[in-house]
Amino acid sequence: MFIISVIPLTNIPRSQPQIFSYFFKSDLTKGSVVEIPLGHRNVIAIVLNSVPVSSKKAALKKADFVLRPINKIISSKQIVPPLFFSLSDFISRYYFYPISLCLKIILPRRIKSLITYIEKLEKDFPEYSQPLISNKKNKISFSNNFSDILKEIKSNIKNKKQVLILVPSIFYQNYYFTELSSKISEPIFVSSNNLKVKEFNSLWVKVNSEEARVIIGRRSSLFLPWKNLGLIVVIDGNNSSYKSWDQKPYHNSAFLTNYLALYYNSSITYYACY
């Protein structure tokens with residue numbers, strides 16, 4: 001028997017506990033997905049860690065509560081990348097929002113559909129990238145010359161690195177997709193909330209397997225399972241559309257690129273397209 005610590009994917013007030021413990025008959029992988037009873041409802045939760053009950057016997061005897069069992073396992077595979085735990089914690093602390101809500105927002109909206117897609121893959125789903133965070137400062141540059149941006153993109157492609165072109169709106173997305181398609185031979189993938197479920201699931205797997213190397217997208221494109229991210233190009237970094245005014249937790253995607261760059265030891269280039 002094991003004690004499973006989880007983060008529920010629901011909005012729990014920040015003043016309340018964000019991590020809950022349940023018991024289950026077997027060990028579960030960090031990042032796997034379960035269904036738990038929470039109050040009078042059942043919610044999806046992400047496994048944070050798992051320890052044998054025998055190691056917590058003394059604490060359980062003194063506790064004034066009784067552990068409840070997990071309802072069911074939705075996926076025993078590691079569905080949530082390691083980055084998402086640290087990133088949701090950072091967003092929670094920086095913007096002062098509950099980590100449960102932060103993790104829910106950065107995960108795919110239709111996570112059950114993604115799980116079904118991954119489990120039907122004929123080949124094994126590659127393990128997610130592990131953190132490369134070091135004490136080095138981000139390599140940040142600024143440019144108003146698109147030719148310089150293009151050279152950086154091509155250099156990263158040549159070195160088999162992934163490139164994210166972050167744009168503030170669909171207008172920029174369409175414009176730079178057309179612009180880059182005529183100048184680089186590497187396929188360009190679009191990350192957008194407008195993607196159909198199957199298209200998004202396919203993109204998720206392709207990013208994690210490094211089949212997708214060049215991705216252009218808006219705010220949600222940050223929250224993909226990047227494997228070998230070498231360069232982030234931020235188009236019009238002062239654009240107010242990078243701020244999520246319409247959805248809590250309110251955050252600035254252009255600012256969060258700094259966290260991704262530290263995590264993957266990648267470079268950031270801000271392109272002023274005026």
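Structure: above.
Conventions adopted
Residues numbered from 1 in each chain as written. Predicted model: local features only at pLDDT ≥ 70, side-chain atom pairs only at ≥ 80, totals over all residues. Heavy atoms only, no water. 1 Å grid on protein atoms, 1.4 Å probe; cavity = no way out; pocket = protein on both sides within 12 Å on 5 of 7 lines; lining within 4 Å. Points joined across faces, edges and corners; volume = space filled by probe spheres on them. Nonpolar A, V, L, I, M, F, W, Y, C, P; charged D, E, K, R; others polar. Helix = DSSP H or I, 4+ residues; strand = E, 2+ residues; numbered from the N terminus. Axes fitted to C-alpha atoms, helices over the stretch in contact; angles between N-to-C directions. Parallel < 35°, antiparallel > 145°, perpendicular 65-115°, else oblique. Left-handed = near helix turned anticlockwise from the far one by under 90°. Contact = heavy atoms within 4.5 Å. Pairing = 2+ DSSP bridges. Phe/Tyr/Trp six-rings, centres within 6.5 Å; stacked < 30°, edge-to-face > 60°. Buried < 20%, exposed > 50% of the residue type's maximum accessible area, 1.4 Å probe, protein only. Lys NZ or Arg CZ within 6 Å of the ring centre and 35° of its normal.

Engineer: Mind showing me how you'd approach empty space enclosed by the protein here?
Structural biologist: The gaps of empty space that remain are located by a probe, the size of a water molecule, rolled over the atoms. Counted under the stated rule, the structure contains one cavity of 30 Å³ or more. Its residues placed into classes, the lining of the largest cavity shows seven nonpolar, one polar and no charged.

Engineer: Sorry if this is basic, but what is going on with the layout of surface pockets here?
Structural biologist: Size it by volume and the largest pocket reaches roughly 740 Å³. Along the walls of the largest pocket sit 30 residues, with Ile 105, Leu 107, Arg 109, Asn 193 and Ser 220 positioned nearest its centre. When contributions to the lining of the largest pocket are tallied by element, the ones reaching two or more residues are helix H3 (99–106) and helix H7 (197–208). Per-element tally for the lining of the largest pocket: the top contributor is H7, with four residues. Here the lining of the largest pocket is built from residues that sort into 14 nonpolar, nine polar and seven charged.

Engineer: What should I look at first to understand the packing of helix H4 (residues 111–119) against H7 in this one?
Structural biologist: Packed helices, taken two at a time, are described by their axes: the angle between them and the distance between them. Contact geometry for H4 and H7: axes closest at 10 Å, N-to-C directions at 60°. The pairing of H4 with H7 is recorded here as oblique in orientation. When you trace H4 past H7, the crossing you get is right-handed. For the pair formed by H4 and H7, the contact residues are Ser 113, Leu 114, Tyr 117 and Ile 118 on the first element and Val 197, Asn 201, Ser 202, Trp 204 and Val 205 on the second. For the contact of H4 with H7, a count of residues per class yields six nonpolar, three polar and no charged.

Engineer: Would you take a moment to explain the sheet that holds strand S11 (residues 229–235) for this structure?
Structural biologist: Strands pair in a sheet through their backbones, by hydrogen bonds, and they do so in one of two ways: parallel or antiparallel. With respect to topology, six strands assemble into an open sheet ordered S7-S12-S11-S8-S10-S9, the strand pairing being parallel. For this open sheet the edge positions go to strand S7 (139–143) and strand S9 (188–191), each flanked by a neighbour on one side alone. Put simply, the sheet's adjacent strands are angled 20° from each other on average, direction ignored. By the bridge criterion, five bridges tie strand S8 (residues 162–166) to S11 in an arrangement that is parallel. Residue pairing in the sheet places Gln 162 in a bridge with Leu 229 of S11.

Engineer: Hey, could you run me through the packing of aromatic side chains in this one?
Structural biologist: The way to describe two aromatic rings as a pair is by their centre distance and the angle between their planes. Across all of its chains, the model carries 16 aromatic pairs by this definition. Pairing Phe 146 with Tyr 176 gives two aromatic rings, centres 5.7 Å apart and planes at 40°, and the pair type is tilted. Here Phe 146 is found in helix H5 (residues 146–158), whereas its partner Tyr 176 is found in helix H6 (residues 170–181), with 30 residues between them in sequence. For the pair Phe 146 and Tyr 176, one class covers both residues: buried. Relative to Tyr 172, the ring of Phe 171 lies with its centre 5.8 Å away and its plane at 80°, an arrangement referred to as edge-to-face. Among the residues examined, Phe 171 registers a relative accessible area of 59% and is labelled exposed. Counting every residue linked through ring pairs, the aromatic cluster contains Phe 146, Phe 171, Tyr 172, Tyr 175, Tyr 176 and Tyr 271. A cation over an aromatic ring shows up here: Arg 14 above the ring of Phe 96, its NZ or CZ 4.0 Å from the ring centre.

Any functional reading would require information that these geometric values do not contain.
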